[in-house]
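Coordinates in review
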Amino acid sequence: MKSGKVQGSQRLENKSREEFAEMVHAILSARFPERIPQAFVHTYGCQGNVADSERIKGLLVQMGYAFCDRPEDADLVLFNTCAVREHAEDRVFGNVGALKPIKAARPGMIIALCGCMMQQAHVEERISKSFPYVNLVFGTFAVQKLPELLFRVLSGGKRVFETGEGGGEITEGLPTVQDRPFKVWLPVMYGCDNFCSYCVVPYVRGRERSRMPEEILKEAEALIANGAKDITLLGQNVNSYGKNLPVDMNFAKLLRQINALPGDFLIRFMTSHPKDCSEELLDTMAGCEKVSKHLHLPFQAGSDRVLDEMNRGYTKEQYLRLLRYARKVMPDMSVTSDVIVGFPGESYEEFQETLALVREAQFTSLFTFIYSKRSGTVAADLPDPVPYSEKSSWFSELTALQEDIAGARTAKLLDSVHRVLVEERDESKGLLMGRTSGNISILFDGSDSLIGGFVFVRVTEPKTWVLYGELCEAE
Ligand code: SAH
Ligand code: SF4
């Protein structure tokens, strides 16, 4: 009996991803002879997760699923989760809890959870014990195994947990489904080796792995052929792209190669780590006409002591020097950043240095976060005496300052003309929406037929976080 079981599982192990997808397809066709099974996929967190979800959706289509907009209509609900802050995790647990009555009303429904949260042992344990109606849990290393994992759930009826780290190899050639073929995400690397002391990402995404340039170029060409007009290259630290590749490659070279591909499209990228942001990269941005003049360069804190405790690898002055150089070679460049308020042990005086940096840097916009303790990180063990209420008041000081800076910057854009890709209709305002090269949202009147193409827009009313404008001719 025992050996028969082993043989059976060996037979399964030898199956390819496509064969598993076929097997799932067959099970679903038998289960739903009259209709197409529906999947509801919800993505939390960063663009890295969005890109993973595009691959997950590609695999689901291969297995015969179509997509619906509400879990109430779904045969499969899949949440791709984020672990970067506690708030994100709390939302996932809340939303998984809310699925219980929905599943009770739809007994055959499968609930799957994946992404960064699932890569943490305490989360896996909590799901296992407290959420027995979750059928499938898989981590960031197992996306490409989804057909096999779903097959195991559908054929065995047992809960499946797949959260190992694997060998860190990159699976190329997975199918993808983009919500909008004209605005796409293109991962160039996975993982992170930086171990900033507050951050969970290196623990849940593993070591830094760069994709081979020819794979990235091949995918970029396919995306462009499919109508891509705005391509965002993704990595936790794109500036260290290529470090571990067997070929002589860096991010600046990759940008030049993508810039040289034929077609009318815009290239964006995120995230740049200041410690690896080279003048070569900034010169390359300046020299590549398809690369948007926007740099997202998180600084995290203004005090050198705090930066050191964060293990960021640069000082405030080094950061500002980079910005000065970037603005010298791209005078109209837009810079955005991330900052953490209330890192353990940060004093009010040190927080004032964050404000001083923000005043000097003149960011277009800032992503501001109150420090969130992440178990397993170095910072989680540091004394953290400042109460949350005080950090919140520092946070308000910071956001008020940035609001003034952003308002003054956008005011200068009155009457300026921008070539923007029309992304969607903002339903609440009834206007079309696009982004300037500097990544500021711009709203204007126009017909839906413009969505997915480039237009010229003149700014008629700049607000702090958004520009209002009108269609115009090229200047
Ligand atoms: N790789 C990117 C950032 C990824 S996480 C980089 O290095 O810039 C996105 C942002 O979340 C970070 O820039 C940081 O500002 C914030 N962040 C990460 N961990 C955090 C934590 N524990 N508490 C609060 N904010 C955090
Ligand atoms: Fe986290 Fe730092 Fe890596 Fe960014 S560079 S993902 S903040 S460890």
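Quick notes on the rules
- Residues numbered from 1 in each chain as written.
- Chains lettered and ligands numbered in written order.
- Predicted model: local features only at pLDDT ≥ 70, side-chain atom pairs only at ≥ 80, totals over all residues.
- Heavy atoms only, no water.
- Near = heavy atom within 4 Å.
- Polar contact = N/O pair within 3.5 Å; in protein donor to acceptor, adjacent residues only side chain to side chain.
- Helix = DSSP H or I, 4+ residues; strand = E, 2+ residues; numbered from the N terminus.
- Nonpolar A, V, L, I, M, F, W, Y, C, P; charged D, E, K, R; others polar.
- Domains from an automatic or database assignment.
- Contact = heavy atoms within 4.5 Å.
- Salt bridge = Lys/Arg side-chain N within 4 Å of Asp/Glu carboxyl O.
- Pairing = 2+ DSSP bridges.
- Axes fitted to C-alpha atoms, helices over the stretch in contact; angles between N-to-C directions.
- Core = buried A, V, L, I, M, F, W, Y, C linked by side-chain atoms within 4.5 Å.
- Buried < 20%, exposed > 50% of the residue type's maximum accessible area, 1.4 Å probe, protein only.
- Phe/Tyr/Trp six-rings, centres within 6.5 Å; stacked < 30°, edge-to-face > 60°.

On to the site of ligand 1, then. Taken together, 15 residues lie around ligand 1, and Arg 85, Gln 236, Gln 300, Asp 338 and Ser 372 are the ones closest in. At a separation of 2.8 Å, a nitrogen atom of ligand 1 approaches a polar side-chain atom of Gln 236. At a separation of 2.7 Å, an oxygen atom of ligand 1 approaches a polar side-chain atom of Gln 300. Elements with a contribution of two residues or more to the shell around ligand 1: strand S13 (334-341) and strand S14 (365-370). Looking at side-chain class alone, the shell around ligand 1 contains seven nonpolar, four polar and four charged residues.

By convention, interface size is frequently given as the accessible area that disappears when the constituent parts associate. Taken domain by domain, the chain holds domain 1 (10-162), domain 2 (183-411) and domain 3 (417-472). Here the C-alpha centre of domain 3 lies 25 Å away from the C-alpha centre of domain 2. Across the contact, 18 residues belong to domain 2 and 16 residues belong to domain 3. Viewed at the interface, domain 3 and domain 2 are joined by two salt bridges. Among the ionic pairs, Glu 423 bridges to Lys 183, the shortest N-O distance being 3.4 Å. At the boundary of domain 2 and domain 3, one finds nine residue pairs in polar contact (both at pLDDT 80 or more). With six residues, helix H14 (residues 388-411) is the single largest residue contributor to the side of domain 2 that touches domain 3.

Enumeration according to the criterion identifies 33 salt bridges in this entry. Arg 17 is the salt-bridge partner of Glu 18, the closest N and O atoms lying 3.9 Å from each other. Across the salt bridge formed by Glu 350 and Arg 305, the nearest N and O atoms sit 2.6 Å from each other. In this pair, Glu 350 sits in helix H13 (residues 348-361) while Arg 305 sits in helix H11 (residues 304-309), placing the two residues 45 residues apart along the sequence. Taken together, the salt bridges that share partners define one network made up of Arg 180, Lys 183, Asp 230, Arg 268, Glu 423, Glu 424 and Arg 435.

Our next topic: the pairing of strand S18 (residues 454-462). Bridge count for strand S15 (residues 417-426) against S18 is five bridges, and the pairing is antiparallel. Each bridged residue has a counterpart across the sheet, and for His 418 the counterpart in S18 is Val 457. One ladder, built from six bridges, connects S18 with strand S19 (residues 466-472); its direction is antiparallel. Across the sheet, Pro 462 pairs through a bridge with Leu 467, a residue of S19. Linking S18 to S19, which pair antiparallel, is a turn of three residues.

All right, on to the sheet that holds strand S2 (residues 66-67) then. Pairing in this open sheet of six strands is parallel, and the strands run S2-S1-S3-S4-S5-S6 from one edge to the other. The open sheet is flanked by S2 and strand S6 (160-162), the only strands paired with a single partner. Where helix H6 (residues 146-156) meets the sheet, it contacts strand S3 (76-81), strand S4 (110-115), strand S5 (136-138) and S6, and its direction lies at approximately 155 degrees from that of S5.

Turning our eyes to something else, we now look at the nonpolar core. Grouped together as the largest cluster of nonpolar side chains are 70 residues, with contacts concentrated most on Leu 233, Phe 269 and Phe 363. No other element matches the six residues that helix H12 (residues 316-329) contributes to this core. Among the nonpolar cores identified, the runner-up in size contains 29 residues, and Ala 21, Leu 28, Phe 32 and Leu 136 belong to it.

Here the focus is the packing of aromatic side chains. Scanning the model with the defined rule gives 14 aromatic pairs in all. Judged by centre distance (5.1 Å) and plane angle (70 degrees), the ring pair of Phe 251 and Phe 269 falls under edge-to-face. Here Phe 269 lies in strand S11 (residues 266-270) and Phe 251 lies in helix H9 (residues 251-259), a separation of 18 residues in the sequence. On the basis of relative accessibility, which here comes to 2%, the residue Phe 251 falls in the buried class. The class of Phe 269 is buried, set by a relative accessible area of 5%. Their ring planes at 55 degrees and their centres at 5.7 Å tell us that Tyr 348 and Trp 394 sit as a pair that is tilted. Placement of Tyr 348 in helix H13 and of Trp 394 in helix H14 is noted, with a sequence separation of 46 residues between them. Here a set of aromatic residues connected by ring pairs shows up, and it is made of Phe 299, Tyr 314, Tyr 319 and Phe 363.

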